[in-house]
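# An overview of the molecular structure
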Amino acid sequence: MSRIIVILLIFSVIDASAQTDLLTVYLEMGARNNPGVMAAFHNYEAALERVPQAGALEDPQFDAGFFLKPMEIIDGQQIAQFELMQMFNWFGTRKAAKTEAQHMAQMAFEQFREARDDLFLRIYEQWYVLNRLQQRLMNNRENTELLRQLETLALRRFSAGGSPGTRVMPPVETATLSTPSSSSMNMADMSRKPDNTATNTGGMSMSASSGTSGGMSEALRIRLEIAEMENNEESILSEIEAEKARFNALLNKPATSEIVIPDTFPKTQYIFDIKDITSLVFEQNPMLGMYHEETLVYEAKEEMNRKMGYPMLGIGLQYMLIGSKAVASDMTDMSGSTGGMNGRDMLMPMVSVSIPLYRGKYSAAMKEARFQRRAAQAKYDDTRNLLEAELYRLKHELDDAERKITLYHKQTELARTTYDLLVREFISGNEGLSEILQVQRQLLDYKLKTSEATADFNTGVARVQKFISNLGTREEF
């Protein structure tokens, strides 16, 4: 029955309406299979079994003795003697011991809750790592696709600049005229025309050549960027496989087991009210619960040690096996009675009392329990202060991450609009490639920062929920 109750408590935090959610399924797998959680659960089971032991009576003591030669007594021969004794602690001692064991079992349960919540938090953190990598992979592929589109545009510009209709033909040589009357004029013209022709044709040829080579260089630069994106994709895929192995280790599954990662990565909807959360932490945090139970353990132990210093009572029976002996019929005992008791067995009730004479050990045990109780109370206060300070730090991190998400969304939209405008200008020939690539890198960077800020926000929410032991659902904490 206790096993069934604890298993139900394991999954009581899992929302039944969210069974289709991937992370909820993985949380359930981890709670069922993780060896660390199961070890904490078995420790709790063992602690439960110590409760009936602490409340049990002392084992009765049975003594038996036989005479090798029957001992002569007045009314017969004593053959054997049997004694049975049951000792009882002072009133309330066993109850105090049982109370101590119950609080120790509750301590083990709080440790089990802490182990479960630690596992859930690690699953959440690793899940968000995988989501972050998945977003990086998708952004990288999207960037690669944009680069391929730019490459197509650059190649079109290259083809337009190098087509026969726009290609500049080489200059035609000018013939020398032999008419004497016009020789001086022709010489002057010839002295000017080759220079002008060379200048004009050379300028036109260089313009066409630079436009052609510029279009080809732009395409090559884009291919360099594509090669880098392809290398990044291989690196991200390798990192995803490594992180999947770590995720599977939390679920106690083979490292190569497939993990389904969704393409969407929304921000968790969460309202952080510091007063309400602090109150819930003080009520539900497993570590605080464990130290509270530890305080009660030593309080019960002090009471038990105090009562151990009182006498123990024992109740028992003594049975003497007596055989008859031959006597003359006219013999009487010294009191003048006949031998009617001859050979009759004897039964004698017994009472035993222990005398706790040496009081020093009991006083020391009580002081030890008192100091341990104070130490547990100090640990409770210290943990409570640390948790409260950690909540304020997490609130700052959540607010900061939320501001970053809002900022990166705005910057992403502006970068997207700027990128579209630069592409149109690039098509019309009014803008170069460098500006487009720079804006494209900014666009990718903003998307990556958005996913990282989302992961930081969701992880912070999970840590807050871990403090109040409420890490069982994926959405809408």
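Our subject in this report is the structure included herewith. These numbers come from a predicted model, not from an experiment.

### Digging into the nonpolar core
If you look at the biggest cluster of nonpolar residues, it comprises 36 residues, and the most contacted ones within it are Ile123, Tyr124, Trp127, Phe247 and Ile259. Element by element, the count of residues in this core is highest for helix 4 (residues 93-161), at 15 residues.

### Focus on the pairing of strand 2 (residues 76-88)
Summarising the sheet, strand 1 (residues 61-73) and strand 2 pair through 9 bridges and their orientation is antiparallel. Bridging across to strand 2, Phe66 finds its partner in Ala80. Looking at chain direction, strand 2 and strand 3 (residues 313-323) are connected through 11 bridges and run antiparallel. Residue pairing across strands places Gln86 opposite Ile315, the latter belonging to strand 3.

### Describing the environment of Gln126
Residue position: Gln126 is located in helix 4. The class of Gln126 is buried, set by a relative accessible area of 7%. Taking the C-alpha atoms as reference, Gln126 lies 9.2 Å from Leu250; in sequence the two are 124 residues apart. What Gln126 contacts, discounting residues up to four positions off in sequence, is Glu243, Arg246, Phe247 and Leu250.

### Remarks on the side chain of Glu100
Topologically, Glu100 is positioned in helix 4. What Glu100 contacts, discounting residues up to four positions off in sequence, is Val297, Ala300, Lys301 and Met304.

### Let's talk about the sheet that holds strand 2
Across the sheet, 4 strands lie side by side as 1-2-3-4; this open sheet has antiparallel pairing. Only two strands of the sheet have a single neighbouring strand rather than two, namely strand 1 and strand 4 (346-353). Strand after strand, the sheet turns through a mean of 20° between neighbouring axes, direction not considered.

### Examining the packing of helix 8 (residues 360-428) against helix 9 (residues 433-467)
The interhelical angle for the contact between helix 8 and helix 9, taken along N-to-C directions, is 160°, at an axis separation of 7 Å. Comparing their axes, helix 9 and helix 8 come out roughly antiparallel. The hand of the helix 8/helix 9 crossing is left-handed. In terms of residue class, the contact of helix 8 with helix 9 is made up of 22 nonpolar, 8 polar and 9 charged.

Calculation criteria
- Numbering of residues begins from 1 in every chain and follows the order in which that chain's sequence is written.
- pLDDT decides what is reported in this predicted model: residues at 70 or higher carry local features, side-chain atom pairs at 80 or more are listed and counted, and totals for whole chains, interfaces and linings draw on all residues regardless.
- Side-chain descriptors were evaluated using all non-hydrogen atoms of the structure, hydrogens and water having been removed beforehand.
- Buried Ala, Val, Leu, Ile, Met, Phe, Trp, Tyr and Cys residues that are joined via side-chain atoms within 4.5 Å together make up what is termed a nonpolar core.
- Accessibility here uses a 1.4 Å probe with only protein chains present; expressed as a share of the type maximum, an area under 20% marks a residue as buried, one over 50% as exposed, and anything in between as partly exposed.
- Runs of H or I in DSSP of at least four residues are treated as helices and runs of E of at least two as strands, each being numbered from the N terminus.
- Any two strands with at least two DSSP bridges between them are considered paired.
- Pairs of residues are marked as contacts when any of their non-hydrogen atoms sit within 4.5 Å.
- Every axis in this analysis is a line fitted to C-alpha atoms, fitted for helices over the stretch in contact. Angles between the N-to-C directions lie between 0 and 180 degrees.
- Roughly parallel means an angle under 35 degrees; roughly antiparallel means over 145; roughly perpendicular covers 65 to 115; every other angle is labelled oblique.
- By the definition used in this description, the sense in which the near helix is turned from the far one sets the handedness, with an anticlockwise turn below a right angle giving left-handed and a clockwise turn giving right-handed.
- The nonpolar class holds Ala, Val, Leu, Ile, Met, Phe, Trp, Tyr, Cys and Pro. Asp, Glu, Lys and Arg form the charged class, and all remaining residues, Gly among them, are polar.

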